[in-house]
Amino acid sequence: MRKDAVVLSSLFLAAALALPAVNSWTAEGHAPRKAPPDVVMEAQTPREVPQNRPEQQKGSHDQSDMFQATKADPASTAFKNQPDEGKTLGFEFYRDPLDAKKPMMTFQEVYQKDVGEKPKVMETQRRLLESRYDLRPRLSPNVKMSRGKPIAVGPTARLAQGTPWERLATMNPSEIRSKNLFPYPPLPHPKQVNGGQVFPQMQLDMFPRLQRFDVDFDIPEAFLPEFPPAIFLQNRPELGDVSRGEVVSINNYYRLFKDLLTPVQLDGLRMLVTPFPQEEFNPTDDRKSPQPSLGVACLDCHVNGHTTAQFHLSPDIRPQERRFRLDTVSLRGLYNQQIHASKRSLRSVEDFSEFEQRTAYFNGDEIHAAKKGMNVVSRVQVAHMAQMQNMFDVPPAPKLDPVGLLVPERATQAELAGQQVFFGKGRCGQCHPAPFYLDQQMHDLQLDRFTREPGDGPIKTFTLRGIKESPPYMHDGRCLTLEDTVKFFDLVLGLRLNQQEQDNLVAFLRVL
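Treat the numbers as computed from the prediction; the structure is a model and nothing was measured.

The next point concerns the overall build of the protein chain. Secondary structure assignment for the protein chain yields 15 helices and six strands. The C-alpha radius of gyration computed for the protein chain amounts to 25 Å, which stays within 12% of the reference 24 Å derived for 512 residues, consistent with globular compactness. Every one of the 512 residues in the protein chain was classed for burial, and the buried ones make up 52%. Taking contacts inside the protein chain between residues at least 6 apart in sequence as the whole, the part at least 24 apart equals 67%. Side chains of the protein chain give 63 positive and 63 negative charges; the mean places of these two sets differ by 2 Å.

Here is the structure:
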């Protein structure tokens with residue numbers, strides 16, 4: 001390696017470690033958390049050593065340009081008379097970075113281009129979000145998530161042309177669409193052309209290896225789940241939260257769970273915290289991490305079996321501009337779910353785990369996977385991973401009885417009234433029946449009736465158990481709070497709930 005390449009590599013590493021410490025508009029001014037040792041980061045980061053042995057010195061041969069493809073001698077002088085002199089002058093997928101603008105484009109060129117575009121990309125997204133939402137968080141004084149984070153209160157949507165909610169609720173879908181008044185249009189990825197998994201700043205503070213150089217997370221932390229999230233195990237419900245305030249990783253999984261899980265489950269957890277190459281985090285020039293990466297683990301995205309609202313693009317749609325933003329879903333209560341993935345409708349946890357490793361990690365493209373390091377997991381290990389995923393439980397709901405309805409003497413009047421709206425006028429119970437508040441179906445809300453976008457087609461129903469701990473809402477996170485979600489469905493289903501009914505419905509959702 002040439003000396004300037006060594007310097008550039010060092011600069012990339014410095015950038016990777018320094019970027020998380022910079023407070024962006026999404027970070028709300030919090031001081032960076034002190035990151036604990038991360039064995040994954042340590043394993044993939046070479047150490048600098050003194051260059052004092054003869055064999056370490058770079059000679060003229062080492063620094064020669066003879067290794068460049070353009071300097072290769074042809075196998076035959078006869079190629080001079082052949083088309084393109086026998087050379088491949090176009091793109092070669094195995095060599096050229098994804099979305100390269102020219103053949104033989106280097107990683108350094110991609111890096112510099114993306115880093116140069118990033119401020120404008122994020123400023124554009126900031127302006128878009130601020131035009132749609134009031135991003136100044138209003139926090140509930142008494143409703144908190146399992147580990148104490150207060151939930152944000154809405155609605156946050158800004159109404160176009162000063163049209164009040166009451167007037168909007170009386171308008172039919174075609175009128176709302178023609179006047180472009182729908183307050184919850186699809187939420188876009190900040191950089192659609194690159195897409196891919198984006199992690200919130202609070203997670204990057206702890207795991208800098210997940211930092212991207214081309215794009216940042218866009219939703220303020222107040223509207224996200226807790227970090228670290230609580231962990232509830234359905235095999236040990238008496239323990240409550242077993243996370244002990246830690247993010248489960250390859251560093252600590254054995255210490256935390258060796259006395260709580262069976263050997264099969266523990267091995268499944270090991271697999272879930274082991275990083276494997278992924279579309280944006282891998283060893284190739286296609287990566288969006290400054291340094292080559294071992295990849296990401298399942299529980300990097302599904303943190304503690306839950307989520308911190310990381311987002312990417314749906315892997316199941318083409319072309320690129322037709323794909324939609326996809327929020328990372330929680331794994332809590334997976335044991336009670338019969339279909340998996342927003343669009344793919346996979347019918348077992350085992351199939352989902354295997355499919356995720358082989359294709360979803362690479363945006364549904366096995367060609368990319370073969371290049372970047374597809375991990376073919378044996379069916380035995382897949383079964384172990386599924387066993388572990390089936391252990392993650394939903395948070396306790398002390399106001400619900402065994403069939404999932406409110407115990408009257410434990411509930412407030414608002415919560416009881418909200419339950420009536422939920423199973424009555426609100427029609428929520430049609431897709432979210434008790435006790436798990438999930439119907440194991442996929443539904444098309446036909447949102448193209450309200451917006452000028454084509455709609456997303458059928459999306460799986462998600463459970464509402466523990467819903468207050470999983471903001472933002474909808475498959476793309478377009479509804480930042482439960483209040484926004486109620487407003488959304490009031491319009492989409494034409495419910496015409498009055499404000500008191502909406503408030504009661506939110507009160508009920510908070511105790512599920």
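Both the distance between ring centres and the angle between the ring planes are used here to describe each pair of aromatic rings. One pass over the structure, following the stated rule, counts 19 aromatic pairs. When the centroid spacing of 5.3 Å and the interplanar angle of 35° are considered together, the rings of F182 and F450 count as tilted. Taken together, the residues span a long stretch of sequence, with F182 in the loop between helix 5 (173-178) and helix 6 (201-206) and F450 in the loop between strand 5 (442-443) and strand 6 (459-460) at a distance of 268 residues. Take F182: its relative accessible area is 7%, and that puts it in the buried class. Their ring planes at 65° and their centres at 5.9 Å tell us that F182 and F488 sit as a pair that is edge-to-face. Of this pair, F182 sits in the loop between helix 5 and helix 6 while F488 sits in helix 14 (residues 482-492), placing them 306 residues apart in sequence.

Moving on, we get to the confidence of the model for the protein chain. Looking at the protein chain, the pLDDT average stands at 91 and 93% of residues meet or exceed 70. Predicted confidence for residues 1-29 stays below pLDDT 50, and this span has 45 contacts to residues more than four positions away or in other chains.

Further remarks concern the pattern of salt bridges. One pass over the full model with this rule turns up 39 salt bridges. A salt bridge links D38 to R209, with the nearest nitrogen and oxygen atoms 2.7 Å apart. In this pair, D38 is assigned in the loop between helix 1 (3-18) and helix 2 (39-44) and R209 in the loop between helix 6 and helix 7 (253-257), connecting sequence segments 171 residues apart. When sorted by exposure, D38 lands in the same class as R209, which is buried. Across the pair E354 and R379 runs a salt bridge whose closest N-O atoms are separated by 2.6 Å. A residue pair is termed long-range when its members are at least 10 positions apart, and E354 in helix 10 (residues 349-358) and R379 in helix 12 (residues 379-389) qualify at 25 residues. Among the residues examined, R379 registers a relative accessible area of 43% and is labelled partly exposed. Several salt bridges share partner residues, and in doing so they unite K113, D114, E117, K191 and K288 into one network.

Let us now look at a nonpolar patch on the surface. Residues F93, L98 and I367 make up a contiguous nonpolar surface patch of about 270 Å² in total accessible area. With respect to the secondary-structure elements, F93 resides in the loop between helix 2 and helix 3 (107-132). Of the residues examined, F93 reaches a relative accessible area of 34% and is grouped as partly exposed.

A few words on the packing of helix 8 (residues 263-272) against helix 12. Between helix 8 and helix 12, the shortest axis-to-axis distance is 7 Å and the interhelical angle comes to 100°. Our classification of the angle between helix 8 and helix 12 gives roughly perpendicular. Residue-level contacts link V264, Q265, D267, G268, L269, R270, M271 and L272 of helix 8 to Q381, H384, M385, Q387, M388 and Q389 of helix 12. Residues that form the contact of helix 8 with helix 12 fall into these classes: six nonpolar, six polar and two charged.

About the thresholds
Residues numbered from 1 in each chain as written. Predicted model: local features only at pLDDT ≥ 70, side-chain atom pairs only at ≥ 80, totals over all residues. Heavy atoms only, no water. Helix = DSSP H or I, 4+ residues; strand = E, 2+ residues; numbered from the N terminus. Rg over C-alpha atoms; globule rule 2.2 N^0.38 Å. Buried < 20%, exposed > 50% of the residue type's maximum accessible area, 1.4 Å probe, protein only. Contact = heavy atoms within 4.5 Å. Lys, Arg positive; Asp, Glu negative; His and termini not counted. Charge placed at Lys NZ, Arg CZ, Asp CG, Glu CD. Phe/Tyr/Trp six-rings, centres within 6.5 Å; stacked < 30°, edge-to-face > 60°. pLDDT = per-residue confidence, 0-100. Salt bridge = Lys/Arg side-chain N within 4 Å of Asp/Glu carboxyl O. Patch = residues over 30% accessible without salt bridge, like charges linked within 9 Å, V, L, I, M, F, W, Y side chains within 5 Å. Areas by Shrake-Rupley, 256 points an atom, 1.4 Å probe, with all protein chains shown as cover. Axes fitted to C-alpha atoms, helices over the stretch in contact; angles between N-to-C directions. Parallel < 35°, antiparallel > 145°, perpendicular 65-115°, else oblique. Nonpolar A, V, L, I, M, F, W, Y, C, P; charged D, E, K, R; others polar.

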